[in-house]
Amino acid sequence: MPPETIYKTIHQYSKFPISERDMRKLEEIAEDYCKVKNYVYARYGGIGGLGKIYPGYTAQNEMTKSGFRAQLGLPSVYFYLAVFEALGDIKGQWSRTKAKLLKLVGGNENFTAEEKHYLRFLLKVGNLFEAALRQKPPILPEKIRKQYEDLAGVVDTDKLNRYLCRQVRKHHASSHADAMDGFSISERAYRYGTCGKDDGIYISTKENRKRIFVALTDKNQYKCQLHVRLKSKEAGIEIDVPVSVAVHSHEDYTNSVGVAMGVFLMLTTDSGHVYGEKLGDYQTKYAEWIREQQASYHRNQNANPGRKKYESKKRRYEEQLHSYINHELNRFFQTEKPMVIYMVKLPYGQRGGLNRKINNGISLWQRGYIRERLKIKCREQSVEFKEVLGKDISRECSRCSAMGRRENGLFICEACGLQIEEKINTARNSLKRGKAGRIIH
(Lines give C-alpha, C1' and ligand atoms only; values in the text may rest on other atoms or scores of the structure.)
Protein backbone atom coordinates (compact mmCIF):
# COMPACT_ATOMS: atom_id res chain seq x y z
CA MET A 1 0.00 0.00 0.00
CA PRO A 2 1.55 3.37 -1.00
CA PRO A 3 2.37 5.75 1.88
CA GLU A 4 0.00 8.62 2.64
CA THR A 5 1.09 11.92 1.13
CA ILE A 6 0.37 15.59 1.69
CA TYR A 7 1.08 18.63 -0.45
CA LYS A 8 3.13 21.63 0.51
CA THR A 9 4.19 24.67 -1.48
CA ILE A 10 7.82 25.51 -2.12
CA HIS A 11 9.07 28.61 -3.90
CA GLN A 12 11.53 29.48 -6.63
CA TYR A 13 12.76 33.02 -7.30
CA SER A 14 14.19 34.89 -10.26
CA LYS A 15 17.93 35.41 -9.95
CA PHE A 16 18.32 38.70 -11.83
CA PRO A 17 16.00 41.61 -12.69
CA ILE A 18 13.82 40.76 -15.68
CA SER A 19 14.01 43.16 -18.61
CA GLU A 20 11.19 45.66 -18.98
CA ARG A 21 10.18 44.11 -22.30
CA ASP A 22 9.96 40.56 -20.94
CA MET A 23 8.18 41.71 -17.77
CA ARG A 24 5.57 43.43 -19.93
CA LYS A 25 4.94 40.15 -21.79
CA LEU A 26 4.35 38.37 -18.49
CA GLU A 27 2.09 41.18 -17.28
CA GLU A 28 -0.02 40.85 -20.45
CA ILE A 29 -0.61 37.18 -19.67
CA ALA A 30 -1.54 38.04 -16.07
CA GLU A 31 -3.96 40.77 -17.21
CA ASP A 32 -5.71 38.46 -19.69
CA TYR A 33 -5.75 35.64 -17.13
CA CYS A 34 -7.57 37.97 -14.74
CA LYS A 35 -10.03 39.02 -17.47
CA VAL A 36 -10.91 35.39 -18.21
CA LYS A 37 -11.52 34.65 -14.52
CA ASN A 38 -13.76 37.69 -14.12
CA TYR A 39 -15.67 36.73 -17.27
CA VAL A 40 -16.31 33.26 -15.81
CA TYR A 41 -17.29 34.75 -12.44
CA ALA A 42 -19.81 37.05 -14.10
CA ARG A 43 -21.24 34.35 -16.37
CA TYR A 44 -21.42 31.38 -13.99
CA GLY A 45 -21.12 32.81 -10.49
CA GLY A 46 -24.85 33.31 -9.95
CA ILE A 47 -27.84 31.01 -9.56
CA GLY A 48 -28.12 30.54 -13.32
CA GLY A 49 -24.67 28.96 -13.45
CA LEU A 50 -25.34 26.26 -10.84
CA GLY A 51 -26.32 23.66 -13.40
CA LYS A 52 -23.23 24.32 -15.51
CA ILE A 53 -20.39 24.31 -12.99
CA TYR A 54 -20.74 20.68 -11.86
CA PRO A 55 -18.57 19.03 -13.11
CA GLY A 56 -17.80 22.01 -15.38
CA TYR A 57 -17.77 20.55 -18.88
CA THR A 58 -20.79 22.62 -19.93
CA ALA A 59 -19.08 25.82 -18.86
CA GLN A 60 -15.84 24.74 -20.55
CA ASN A 61 -17.61 24.02 -23.84
CA GLU A 62 -19.50 27.33 -23.72
CA MET A 63 -16.27 29.22 -23.04
CA THR A 64 -14.67 27.49 -26.01
CA LYS A 65 -17.53 28.54 -28.30
CA SER A 66 -17.66 32.08 -26.94
CA GLY A 67 -14.66 33.26 -28.96
CA PHE A 68 -13.29 35.08 -25.91
CA ARG A 69 -9.91 33.32 -26.13
CA ALA A 70 -9.41 34.40 -29.75
CA GLN A 71 -10.49 37.92 -28.83
CA LEU A 72 -7.77 38.13 -26.17
CA GLY A 73 -5.20 36.20 -28.19
CA LEU A 74 -4.44 34.14 -25.08
CA PRO A 75 -2.88 30.68 -25.60
CA SER A 76 -5.12 27.78 -24.59
CA VAL A 77 -2.59 26.61 -21.96
CA TYR A 78 -3.41 29.76 -19.99
CA PHE A 79 -7.05 30.23 -21.03
CA TYR A 80 -8.38 26.91 -19.75
CA LEU A 81 -6.40 27.05 -16.52
CA ALA A 82 -8.01 30.43 -15.83
CA VAL A 83 -11.45 28.95 -16.61
CA PHE A 84 -11.00 25.96 -14.29
CA GLU A 85 -9.48 28.13 -11.55
CA ALA A 86 -12.48 30.47 -11.67
CA LEU A 87 -14.93 27.54 -11.67
CA GLY A 88 -13.13 26.15 -8.61
CA ASP A 89 -13.50 29.51 -6.87
CA ILE A 90 -17.23 29.58 -7.69
CA LYS A 91 -17.72 26.05 -6.32
CA GLY A 92 -15.86 27.03 -3.17
CA GLN A 93 -18.04 30.10 -2.74
CA TRP A 94 -21.23 28.03 -3.11
CA SER A 95 -19.88 25.54 -0.53
CA ARG A 96 -19.32 28.40 1.92
CA THR A 97 -22.81 29.76 1.22
CA LYS A 98 -24.41 26.35 1.83
CA ALA A 99 -22.44 25.93 5.07
CA LYS A 100 -23.70 29.33 6.22
CA LEU A 101 -27.30 28.43 5.34
CA LEU A 102 -27.06 25.11 7.17
CA LYS A 103 -25.92 26.98 10.26
CA LEU A 104 -28.78 29.49 9.94
CA VAL A 105 -31.36 26.73 9.48
CA GLY A 106 -30.07 24.84 12.50
CA GLY A 107 -30.23 27.94 14.69
CA ASN A 108 -33.68 29.12 13.57
CA GLU A 109 -36.10 28.35 16.40
CA ASN A 110 -39.14 29.25 14.28
CA PHE A 111 -38.73 26.14 12.10
CA THR A 112 -40.16 22.78 13.05
CA ALA A 113 -38.01 19.65 12.91
CA GLU A 114 -39.69 18.65 9.62
CA GLU A 115 -39.01 22.08 8.07
CA LYS A 116 -35.35 21.93 9.09
CA HIS A 117 -35.08 18.42 7.67
CA TYR A 118 -36.58 19.59 4.36
CA LEU A 119 -34.20 22.58 4.08
CA ARG A 120 -31.16 20.48 4.92
CA PHE A 121 -32.23 17.97 2.27
CA LEU A 122 -32.46 20.76 -0.31
CA LEU A 123 -29.01 22.05 0.59
CA LYS A 124 -27.39 18.62 0.30
CA VAL A 125 -28.93 17.55 -3.02
CA GLY A 126 -27.54 19.74 -5.81
CA ASN A 127 -30.45 19.39 -8.23
CA LEU A 128 -32.99 20.23 -5.53
CA PHE A 129 -31.04 23.26 -4.35
CA GLU A 130 -30.83 24.65 -7.88
CA ALA A 131 -34.50 23.91 -8.61
CA ALA A 132 -35.61 25.65 -5.41
CA LEU A 133 -33.57 28.78 -6.21
CA ARG A 134 -34.78 28.90 -9.81
CA GLN A 135 -38.37 28.03 -8.77
CA LYS A 136 -38.58 25.10 -11.18
CA PRO A 137 -39.68 21.49 -10.65
CA PRO A 138 -36.67 19.26 -9.84
CA ILE A 139 -35.49 16.41 -12.05
CA LEU A 140 -34.50 13.60 -9.69
CA PRO A 141 -33.72 9.87 -9.74
CA GLU A 142 -36.58 7.67 -8.51
CA LYS A 143 -35.02 6.89 -5.13
CA ILE A 144 -34.30 10.54 -4.25
CA ARG A 145 -37.66 11.66 -5.69
CA LYS A 146 -39.47 9.39 -3.20
CA GLN A 147 -37.54 10.92 -0.29
CA TYR A 148 -38.25 14.43 -1.58
CA GLU A 149 -41.97 13.80 -1.96
CA ASP A 150 -42.22 12.35 1.56
CA LEU A 151 -40.53 15.48 2.99
CA ALA A 152 -42.42 17.95 0.81
CA GLY A 153 -45.77 16.43 1.76
CA VAL A 154 -45.60 17.63 5.37
CA VAL A 155 -44.24 21.20 4.98
CA ASP A 156 -45.06 24.42 3.11
CA THR A 157 -42.49 24.10 0.33
CA ASP A 158 -43.25 27.50 -1.23
CA LYS A 159 -42.57 29.30 2.04
CA LEU A 160 -39.34 27.39 2.70
CA ASN A 161 -38.10 27.81 -0.87
CA ARG A 162 -38.68 31.57 -0.65
CA TYR A 163 -36.76 31.62 2.65
CA LEU A 164 -33.87 29.83 0.96
CA CYS A 165 -33.88 32.35 -1.91
CA ARG A 166 -33.81 35.31 0.49
CA GLN A 167 -30.90 33.89 2.46
CA VAL A 168 -28.91 33.14 -0.71
CA ARG A 169 -29.41 36.70 -1.95
CA LYS A 170 -28.28 37.95 1.45
CA HIS A 171 -25.24 35.75 2.04
CA HIS A 172 -23.92 34.55 -1.32
CA ALA A 173 -21.01 36.72 -2.45
CA SER A 174 -19.94 36.94 -6.07
CA SER A 175 -16.27 36.28 -6.76
CA HIS A 176 -14.12 38.91 -8.46
CA ALA A 177 -10.41 39.04 -9.26
CA ASP A 178 -8.75 42.42 -8.84
CA ALA A 179 -5.09 41.41 -8.75
CA MET A 180 -3.33 41.02 -12.09
CA ASP A 181 -0.09 39.85 -10.54
CA GLY A 182 0.08 36.21 -11.51
CA PHE A 183 -1.15 33.19 -13.45
CA SER A 184 -1.03 29.42 -13.37
CA ILE A 185 1.04 27.56 -15.92
CA SER A 186 0.90 23.92 -17.08
CA GLU A 187 3.79 21.70 -18.16
CA ARG A 188 3.05 22.45 -21.82
CA ALA A 189 3.78 26.15 -21.28
CA TYR A 190 7.21 25.96 -19.66
CA ARG A 191 10.44 24.01 -19.55
CA TYR A 192 13.52 24.23 -17.39
CA GLY A 193 16.86 24.70 -19.03
CA THR A 194 20.11 26.64 -19.24
CA CYS A 195 20.83 29.90 -21.02
CA GLY A 196 24.49 30.85 -20.99
CA LYS A 197 25.79 29.90 -17.55
CA ASP A 198 22.47 30.37 -15.76
CA ASP A 199 19.83 27.77 -14.97
CA GLY A 200 16.25 28.89 -15.21
CA ILE A 201 12.84 28.46 -16.79
CA TYR A 202 11.50 29.19 -20.27
CA ILE A 203 7.92 30.53 -20.14
CA SER A 204 5.54 30.67 -23.12
CA THR A 205 4.22 34.09 -24.13
CA LYS A 206 1.25 35.24 -26.22
CA GLU A 207 3.49 35.21 -29.28
CA ASN A 208 3.37 31.95 -31.23
CA ARG A 209 6.33 29.66 -30.41
CA LYS A 210 8.05 32.40 -28.37
CA ARG A 211 9.32 31.89 -24.84
CA ILE A 212 11.23 34.12 -22.47
CA PHE A 213 14.03 32.87 -20.21
CA VAL A 214 14.11 33.73 -16.52
CA ALA A 215 17.22 32.77 -14.54
CA LEU A 216 16.39 31.22 -11.14
CA THR A 217 18.24 31.16 -7.84
CA ASP A 218 18.23 27.33 -7.72
CA LYS A 219 18.66 24.45 -10.15
CA ASN A 220 15.59 22.47 -9.10
CA GLN A 221 13.24 21.27 -11.85
CA TYR A 222 9.61 20.20 -11.49
CA LYS A 223 6.95 18.62 -13.67
CA CYS A 224 3.61 19.87 -12.44
CA GLN A 225 1.29 22.86 -12.68
CA LEU A 226 3.01 25.97 -11.32
CA HIS A 227 1.79 29.40 -10.29
CA VAL A 228 3.85 32.41 -11.37
CA ARG A 229 3.63 35.52 -9.18
CA LEU A 230 4.89 38.74 -10.74
CA LYS A 231 6.96 41.12 -8.64
CA SER A 232 6.79 44.10 -10.99
CA LYS A 233 8.41 46.58 -8.59
CA GLU A 234 11.37 44.25 -8.15
CA ALA A 235 11.41 43.22 -11.83
CA GLY A 236 11.25 39.59 -10.74
CA ILE A 237 8.97 36.59 -10.28
CA GLU A 238 8.19 34.03 -7.60
CA ILE A 239 7.10 30.52 -8.64
CA ASP A 240 4.86 28.50 -6.32
CA VAL A 241 5.39 24.75 -6.71
CA PRO A 242 3.04 22.17 -5.10
CA VAL A 243 5.16 19.23 -3.95
CA SER A 244 3.91 15.85 -2.76
CA VAL A 245 5.55 14.77 0.51
CA ALA A 246 5.28 11.32 2.09
CA VAL A 247 3.85 11.23 5.62
CA HIS A 248 6.18 9.58 8.13
CA SER A 249 5.10 7.54 11.13
CA HIS A 250 7.37 7.14 14.17
CA GLU A 251 6.86 4.40 16.74
CA ASP A 252 8.97 6.28 19.27
CA TYR A 253 6.90 9.49 19.03
CA THR A 254 4.81 8.86 22.16
CA ASN A 255 4.94 12.09 24.20
CA SER A 256 2.26 14.69 24.87
CA VAL A 257 3.90 18.11 24.77
CA GLY A 258 2.55 21.50 25.80
CA VAL A 259 4.23 24.49 24.15
CA ALA A 260 4.16 28.26 24.47
CA MET A 261 5.22 30.58 21.67
CA GLY A 262 7.16 33.79 22.30
CA VAL A 263 8.60 36.77 20.47
CA PHE A 264 12.17 36.25 21.68
CA LEU A 265 12.11 32.53 22.53
CA MET A 266 10.29 30.74 19.73
CA LEU A 267 8.96 27.67 21.58
CA THR A 268 9.10 26.73 25.25
CA THR A 269 7.87 23.28 26.33
CA ASP A 270 6.18 22.20 29.55
CA SER A 271 9.44 20.49 30.57
CA GLY A 272 11.39 23.74 30.20
CA HIS A 273 13.16 23.02 26.93
CA VAL A 274 13.58 26.03 24.65
CA TYR A 275 13.79 26.02 20.85
CA GLY A 276 14.62 29.09 18.82
CA GLU A 277 16.60 30.93 21.49
CA LYS A 278 18.03 33.31 18.87
CA LEU A 279 14.67 34.19 17.29
CA GLY A 280 14.63 37.51 19.15
CA ASP A 281 18.12 38.38 17.86
CA TYR A 282 17.13 37.64 14.25
CA GLN A 283 13.89 39.61 14.53
CA THR A 284 15.52 42.56 16.31
CA LYS A 285 18.21 42.81 13.63
CA TYR A 286 15.55 42.59 10.91
CA ALA A 287 13.34 45.22 12.61
CA GLU A 288 16.24 47.65 13.08
CA TRP A 289 17.19 47.33 9.41
CA ILE A 290 13.58 47.93 8.35
CA ARG A 291 13.41 51.08 10.51
CA GLU A 292 16.67 52.42 9.11
CA GLN A 293 15.55 51.77 5.53
CA GLN A 294 12.17 53.40 6.06
CA ALA A 295 13.76 56.50 7.57
CA SER A 296 16.29 56.70 4.73
CA TYR A 297 13.56 56.26 2.12
CA HIS A 298 11.43 59.08 3.56
CA ARG A 299 14.45 61.39 3.79
CA ASN A 300 15.30 60.83 0.13
CA GLN A 301 11.79 60.43 -1.25
CA ASN A 302 12.09 63.48 -3.52
CA ALA A 303 15.13 61.91 -5.17
CA ASN A 304 12.96 58.93 -6.21
CA PRO A 305 15.15 56.25 -4.59
CA GLY A 306 14.84 52.77 -6.06
CA ARG A 307 13.40 49.86 -4.08
CA LYS A 308 14.90 46.87 -5.90
CA LYS A 309 17.88 46.50 -3.56
CA TYR A 310 15.63 47.05 -0.56
CA GLU A 311 13.19 44.30 -1.64
CA SER A 312 16.05 41.94 -2.46
CA LYS A 313 17.74 42.37 0.93
CA LYS A 314 14.39 42.19 2.74
CA ARG A 315 13.76 38.84 1.09
CA ARG A 316 17.20 37.62 2.19
CA TYR A 317 16.46 38.62 5.79
CA GLU A 318 13.14 36.75 5.69
CA GLU A 319 14.71 33.66 4.11
CA GLN A 320 17.40 33.63 6.79
CA LEU A 321 14.77 33.98 9.50
CA HIS A 322 12.56 31.25 8.01
CA SER A 323 15.52 28.91 7.60
CA TYR A 324 16.35 29.31 11.30
CA ILE A 325 12.70 28.71 12.29
CA ASN A 326 12.50 25.49 10.25
CA HIS A 327 15.82 24.25 11.62
CA GLU A 328 14.63 24.76 15.20
CA LEU A 329 11.25 23.12 14.51
CA ASN A 330 13.07 20.06 13.14
CA ARG A 331 15.20 19.97 16.28
CA PHE A 332 12.04 20.23 18.38
CA PHE A 333 10.48 17.15 16.75
CA GLN A 334 13.69 15.10 16.91
CA THR A 335 14.20 15.90 20.60
CA GLU A 336 10.67 15.93 22.03
CA LYS A 337 9.30 13.03 19.92
CA PRO A 338 5.70 14.23 20.31
CA MET A 339 2.60 12.17 19.63
CA VAL A 340 0.39 15.21 20.27
CA ILE A 341 1.21 18.90 20.66
CA TYR A 342 -0.96 21.30 22.64
CA MET A 343 -0.57 25.03 22.04
CA VAL A 344 -2.69 28.01 23.04
CA LYS A 345 -4.64 29.66 20.24
CA LEU A 346 -3.03 33.07 19.84
CA PRO A 347 -5.23 36.19 19.71
CA TYR A 348 -5.15 38.54 16.75
CA GLY A 349 -2.38 41.14 16.78
CA GLN A 350 -3.23 44.51 18.28
CA ARG A 351 -2.07 47.89 17.14
CA GLY A 352 -0.80 50.69 19.29
CA GLY A 353 1.53 50.89 22.25
CA LEU A 354 3.92 53.24 23.95
CA ASN A 355 7.20 52.20 22.36
CA ARG A 356 7.43 52.58 18.58
CA LYS A 357 10.60 50.51 18.45
CA ILE A 358 8.91 47.61 20.25
CA ASN A 359 5.81 47.96 18.08
CA ASN A 360 7.95 47.65 14.95
CA GLY A 361 9.60 44.49 16.24
CA ILE A 362 6.27 42.92 17.26
CA SER A 363 4.78 43.68 13.84
CA LEU A 364 7.54 41.58 12.23
CA TRP A 365 7.01 38.66 14.63
CA GLN A 366 6.74 35.52 12.50
CA ARG A 367 4.11 33.87 14.68
CA GLY A 368 1.79 33.12 11.74
CA TYR A 369 4.65 31.52 9.81
CA ILE A 370 5.79 29.53 12.88
CA ARG A 371 2.27 28.25 13.53
CA GLU A 372 1.71 27.19 9.91
CA ARG A 373 5.11 25.50 9.65
CA LEU A 374 4.45 23.68 12.93
CA LYS A 375 1.09 22.43 11.63
CA ILE A 376 2.62 21.31 8.31
CA LYS A 377 5.43 19.45 10.04
CA CYS A 378 2.88 17.80 12.34
CA ARG A 379 1.04 16.45 9.28
CA GLU A 380 4.33 15.29 7.75
CA GLN A 381 5.32 13.42 10.94
CA SER A 382 1.83 12.04 11.83
CA VAL A 383 1.67 14.20 14.96
CA GLU A 384 -1.60 15.61 16.29
CA PHE A 385 -1.73 19.40 16.66
CA LYS A 386 -4.39 20.77 18.98
CA GLU A 387 -5.07 24.36 20.04
CA VAL A 388 -6.38 24.94 23.55
CA LEU A 389 -8.56 27.68 24.94
CA GLY A 390 -6.39 30.65 25.85
CA LYS A 391 -8.43 32.74 28.32
CA ASP A 392 -6.18 33.65 31.31
CA ILE A 393 -3.76 30.85 30.42
CA SER A 394 -0.68 32.95 31.26
CA ARG A 395 -2.19 34.18 34.56
CA GLU A 396 -3.35 30.79 35.81
CA CYS A 397 -1.10 28.72 38.05
CA SER A 398 -0.23 25.41 36.41
CA ARG A 399 0.03 23.76 39.85
CA CYS A 400 -3.08 24.91 41.74
CA SER A 401 -5.10 26.81 39.06
CA ALA A 402 -5.25 30.01 41.14
CA MET A 403 -4.68 33.40 39.49
CA GLY A 404 -1.12 34.63 39.89
CA ARG A 405 0.98 37.50 38.58
CA ARG A 406 3.80 37.93 36.07
CA GLU A 407 6.92 39.79 37.06
CA ASN A 408 10.21 40.15 35.14
CA GLY A 409 9.58 37.02 33.07
CA LEU A 410 8.48 34.95 36.08
CA PHE A 411 5.09 33.65 37.08
CA ILE A 412 4.41 33.97 40.80
CA CYS A 413 1.49 32.26 42.55
CA GLU A 414 0.83 33.54 46.05
CA ALA A 415 -1.71 30.79 46.70
CA CYS A 416 0.72 27.84 46.50
CA GLY A 417 4.07 29.65 46.33
CA LEU A 418 4.99 28.49 42.81
CA GLN A 419 7.67 30.61 41.10
CA ILE A 420 8.48 29.54 37.57
CA GLU A 421 9.38 31.01 34.19
CA GLU A 422 6.30 32.54 32.63
CA LYS A 423 6.51 30.58 29.36
CA ILE A 424 7.00 27.25 31.14
CA ASN A 425 3.88 27.94 33.20
CA THR A 426 1.92 28.73 30.02
CA ALA A 427 3.21 25.57 28.31
CA ARG A 428 2.19 23.45 31.30
CA ASN A 429 -1.26 25.02 31.24
CA SER A 430 -1.51 24.22 27.54
CA LEU A 431 -0.74 20.57 28.28
CA LYS A 432 -3.12 20.54 31.25
CA ARG A 433 -6.01 22.07 29.29
CA GLY A 434 -5.35 19.84 26.30
CA LYS A 435 -5.52 16.65 28.36
CA ALA A 436 -8.69 17.96 30.02
CA GLY A 437 -10.31 18.34 26.60
CA ARG A 438 -10.40 22.15 26.63
CA ILE A 439 -9.46 22.35 22.98
CA ILE A 440 -10.72 24.36 20.02
CA HIS A 441 -12.30 22.17 17.35
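Please refer to the structure higher up on the page.
Read on for an overview of the structure. Residue numbers restart at each chain and count upward from 1, following the sequence in its written direction. Residues qualify for local features only when their pLDDT is at least 70, as the model is predicted, and side-chain atom pairs are given and counted only at 80 or more; totals for whole chains, interfaces and linings, by contrast, use all residues. The basis for every side-chain value is the complete set of heavy atoms in the structure, and neither hydrogens nor water enter the calculation.

1. Some remarks on the sheet that holds strand E5 (residues 211-215)
Okay, so step 1: DSSP bridges decide pairing: two strands pair if at least two such bridges lie between them. Note on conventions: DSSP H or I runs of at least 4 residues are helices, E runs of at least 2 residues are strands, and numbering of each starts at the N terminus. On the basis of which strands lie adjacent, the open sheet formed by three strands has the order E3-E4-E5 and antiparallel pairing. Pairing within the sheet leaves two strands with one partner each, and these edge strands are strand E3 (190-195) and E5. Going from strand to strand, the sheet's axes swing by 35° on average, the running direction of each strand aside.
Okay, so step 2: Pairing between E3 and strand E4 (residues 198-204): six bridges, direction antiparallel. The residue of E4 that forms the bridge with arginine 191 is tyrosine 202. Axis lines are fitted through C-alpha atoms, for helices just across the contact stretch, and the angle between N-to-C directions can take any value from 0 to 180 degrees.

2. Focus: the sheet that holds strand E13 (residues 405-407)
Strands in a sheet are paired, the pairing made by backbone hydrogen bonds, and the direction either parallel or antiparallel.
Okay, so step 1: The strand order E13-E14-E15 describes an open sheet built from three strands, whose pairing is antiparallel. Pairing within the sheet leaves two strands with one partner each, and these edge strands are E13 and strand E15 (419-421). Each neighbouring strand pair of the sheet contributes to a mean axis angle of 30°, computed without reference to strand direction.
Okay, so step 2: Here strand E14 (residues 410-412) runs beside E15; their pairing, made up of three bridges, is antiparallel. By the bridge assignment for E15, isoleucine 412 is matched with glutamine 419.
Okay, so step 3: Every residue pair with non-hydrogen atoms within 4.5 Å of one another is taken to be in contact. Its contacts with the sheet put helix H13 (residues 422-435) on E13, E14 and E15, and the angle it makes with E15 is roughly 90°.

3. What about the packing of helix H1 (residues 20-44) against helix H2 (residues 57-66)?
Okay, so step 1: At their nearest, the axes of H1 and H2 sit 12 Å apart, and the two run at 120° to each other. The angle between H1 and H2 places the two elements in the oblique class. The way H1 lies across H2 gives a crossing that is right-handed. Here Val36, Tyr39, Val40, Arg43 and Tyr44 of H1 lie close against H2, whose contacting residues are Ala59, Glu62, Met63 and Ser66.
Okay, so step 2: In this classification, Asp, Glu, Lys and Arg are treated as charged, Ala, Val, Leu, Ile, Met, Phe, Trp, Tyr, Cys and Pro as nonpolar, and every other residue, Gly included, as polar. A per-class count over the contact of H1 with H2 returns six nonpolar, one polar and two charged. For classification purposes, an angle smaller than 35 degrees is called roughly parallel, one larger than 145 roughly antiparallel, one from 65 to 115 roughly perpendicular, and anything else oblique. Less than a right angle of anticlockwise turn of the near helix away from the far helix marks a crossing as left-handed, whereas a clockwise turn marks it as right-handed.

4. Looking at the pairing of strand E6 (residues 226-231)
Okay, so step 1: Here four bridges tie strand E2 (residues 182-185) to E6, and the two strands are oriented antiparallel to one another. The residue of E6 that forms the bridge with glycine 182 is arginine 229.
Okay, so step 2: Here five bridges tie E6 to strand E7 (residues 236-246), and the two strands are oriented antiparallel to one another. Bridge pairing in E7 places leucine 230 opposite isoleucine 237.
Okay, so step 3: Counting the residues in the hairpin turn of E6 and E7 gives four residues, including alanine 235, whose phi is positive at 55°.

All we've got here are geometric facts, nothing functional implied.
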